[in-house]
Amino acid sequence: MTDSQSVLLSVKDLKRHFDVGKGKTLKAVDGLSFEIYKGETFGLVGESGCGKSTAGRTILGLYNKTDGDVVFEGQNVHDMNDKERHQFLKKMQMVFQDPYASLNPRSTVYEIIAEPMEIHNMYKSKKELRARVNELLEDVGLNRDHANRYPHEFSGGQRQRIGIARALALDPEFIIADEPISALDVSVQAQVVMLFQRLQREKGLTYLFIAHDLSMVKYLSDRIGVMYLGHLVELTTSDQLYGKPLHPYTEALLSAIPIPDPDIEESRERILLEGELPSPIDPPSGCVFRTRCPYAMAVCATQKPDWLEKDEGHFVACHLHDESLMKEVKEQAKPMHV
Ligand SMILES: Nc1ncnc2c1ncn2[C@@H]1O[C@H](COP(=O)(O)OP(=O)(O)OP(=O)(O)O)[C@@H](O)[C@H]1O
Ligand SMILES: [Mg+2]
């Protein structure tokens, strides 16, 4: 699906911290690095509060970065003048997490979808603009009769479609979709997923698709990054992640996906993570996952794991996969005198 692997977006050691008063800092995103290739769907997955939305918003430049770089088509997103940013927003758009909160309740669907095109002076006449809004409504499976209604008159799935139509209005190349299906019924989720896939085929879009579990992302994504407490812990192709997960957190996320066969579902083992996600204000030392990891060792509290490339394009941050470190650990555990 990738276009000879040409890099469209490059995120390098990105950090976004929030000052939360009393001299404390919340490290919502604390060193993300990945690239997204043109034409692919990159899934970003992790449980609630791990920093996915903050990452998405910082990549789009809605939040300032604390450190690191976001480079889109060779241009630094956090280093643009107003004119460059105006042009950039034609290329990168976001579908927001909550379809109830992200659409202005006082605007009609027509106004919501037309607004970005008006800001960018895309059409000379009202007639052309109206025709384009109608076309966008049809693109997302709504129809022109919906244009004069208000968001509250729609179902969750329809509202999400309105959000998608607005994101498509400027004909972007890249869309950040922040949990676009989480608030929807399972039956509607599949429809919206298919809509994203169809639009990608038709318009050659690239997606950063954010989700908190792996069930749908599996079908949608070419590659997946797994996030935990502001960090990436594993990154690889969707097939590799399912077939050969390396990080204990990925294993736990995979084991949480229900299997449709009730016999298998009843007999299989679930890896239940103990405890809550630690606070990003006071994250654990060493490996951030160690407080909930079933395999945690002493070294996990003292050393931050390196970002290791175990197979081509398969990265993991876990001491268990650091061969030289594990050799050291085993040697230290050997009795000194036999
Ligand atoms: N504007 C802000 N000010 C202070 N803290 C924030 C702000 N936005 C997010 N956070 C904190 O940053 C962390 C990450 O939040 P974020 O919304 O990015 O998580 P998420 O992975 O998108 O979660 P969810 O799946 O629930 O949407 C959380 O601890 C959250 O409380
Ligand atoms: Mg979020």
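- The name that an unreviewed UniProt entry assigns to the chain is ATP-binding cassette domain-containing protein, with the source organism given as Sporosarcina gallistercoris.
- The UniProt entry for the chain carries the following text under Sequence similarities (unreviewed entry): "Belongs to the ABC transporter superfamily."

## Thoughts on the sheet that holds strand 4 (residues 67-72)
Each strand in a sheet pairs with another by means of backbone hydrogen bonds, the pair being arranged parallel or else antiparallel.
No. 1: Pairing is antiparallel in the open sheet, where 4 strands are placed in the order 2-1-4-5. Of all the strands in the sheet, just strand 2 (25-37) and strand 5 (75-76) have a single pairing partner and so form its edges.
No. 2: Across 5 bridges, the pairing between strand 1 (residues 7-19) and strand 4 is antiparallel. From the neighbouring strand, Lys-12 faces strand 4, where its bridge partner is Asp-69.
No. 3: Each of strand 1, strand 2 and strand 4 touches helix 1 (residues 52-60); the most contacted strand, strand 1, lies at about 115° to it.

## A look at the site of ligand 1
No. 1: The local shell around ligand 1 holds 14 residues, among which Ser-48, Gly-49, Lys-52, Thr-54 and Gln-97 are the closest.
No. 2: Lys-52 is positioned such that a nitrogen or oxygen atom in its side chain is 2.8 Å from an oxygen atom of ligand 1.
No. 3: Notes on ligand 1: free accessible area 630 Å², of which the protein chains cover 68%.
No. 4: Only strand 2 and helix 1 provide two or more residues apiece to the shell around ligand 1.
No. 5: Per element, the largest residue contribution to the shell around ligand 1 is 3 residues, and it comes from helix 1.
No. 6: For the shell around ligand 1, the residue count by class is 5 nonpolar, 6 polar and 3 charged.

## Observations concerning the sheet that holds strand 12 (residues 314-316)
No. 1: Pairing within the open sheet is mixed, and its 8 strands lie in the order 6-7-8-3-9-10-12-11. With partners counted over all chains shown, the strands left at the sheet margins are strand 6 (92-95) and strand 11 (308-311), one partner each. For this sheet the average axis-to-axis angle between neighbouring strands, irrespective of direction, equals 20°.
No. 2: In the sheet, strand 9 (residues 223-228) pairs with strand 10 (residues 231-237) via 6 bridges, with the strands oriented antiparallel. Opposite Tyr-228, over in strand 10, you have His-231 as the bridge partner.
No. 3: In this fold helix 9 (residues 248-255) packs onto strand 3 (41-45), strand 9 and strand 10, with an angle of close to 105° to the strand it touches most, strand 9.

Reading the values: rules and limits
Residues numbered from 1 in each chain as written. Chains lettered and ligands numbered in written order. Predicted model: local features only at pLDDT ≥ 70, side-chain atom pairs only at ≥ 80, totals over all residues. Heavy atoms only, no water. UniProt positions renumbered as here; feature names shortened; annotations may be inferred. Pairing = 2+ DSSP bridges. Helix = DSSP H or I, 4+ residues; strand = E, 2+ residues; numbered from the N terminus. Contact = heavy atoms within 4.5 Å. Axes fitted to C-alpha atoms, helices over the stretch in contact; angles between N-to-C directions. Near = heavy atom within 4 Å. Polar contact = N/O pair within 3.5 Å; in protein donor to acceptor, adjacent residues only side chain to side chain. Areas by Shrake-Rupley, 256 points an atom, 1.4 Å probe, with all protein chains shown as cover. Nonpolar A, V, L, I, M, F, W, Y, C, P; charged D, E, K, R; others polar.

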